Amino acid sequence: MESAHLPDSARHFDSLPDSARIDVAALIALTGKSRATVYRWIDRGILPKPRRFGGTTQNTWNVGEVRRALSA
């Protein structure tokens, strides 16, 4: 996948602080898996569960939790 098509948060994932948040598009880009597979992995406990902040309906993931899950 070309980096021009990656979300900024996925492109700069290694430099983000552990407290940063990413969206599902970044998580898909990081794992190289489909949206359905990402959510199956969440259900199986392979990836952390998303959280919603500030009354938004958008799911976001904590970068530190994602890093730990991907390195396991």
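Please read these numbers as outputs of a predicted model, since none were measured by experiment.

1. With respect to the confidence of the model for the protein chain
Then step 1. Averaged over the protein chain, the pLDDT score is 90; the fraction of residues at 70 or greater is 94%.
Then step 2. Of all the helices and strands in the protein chain, helix α1 (residues 8–11) carries the lowest mean pLDDT, 86, while helix α3 (residues 35–44) carries the highest, 97.

2. Examining the environment of I22
Then step 1. When you line up the elements, I22 lands in strand β1 (residues 21–22).
Then step 2. With relative accessibility at 1%, the residue I22 sits in the buried group.
Then step 3. It is 12 Å that separates the C-alpha atoms of I22 and L6, two residues lying 16 residues apart in sequence.
Then step 4. Setting aside chain neighbours within four positions, we find I22 in contact with S9, F13, L16, L27, L30, N59, T60, W61, V63 and V66.

Calculation criteria
Residues numbered from 1 in each chain as written. Predicted model: local features only at pLDDT ≥ 70, side-chain atom pairs only at ≥ 80, totals over all residues. Heavy atoms only, no water. pLDDT = per-residue confidence, 0-100. Helix = DSSP H or I, 4+ residues; strand = E, 2+ residues; numbered from the N terminus. Buried < 20%, exposed > 50% of the residue type's maximum accessible area, 1.4 Å probe, protein only. Contact = heavy atoms within 4.5 Å.

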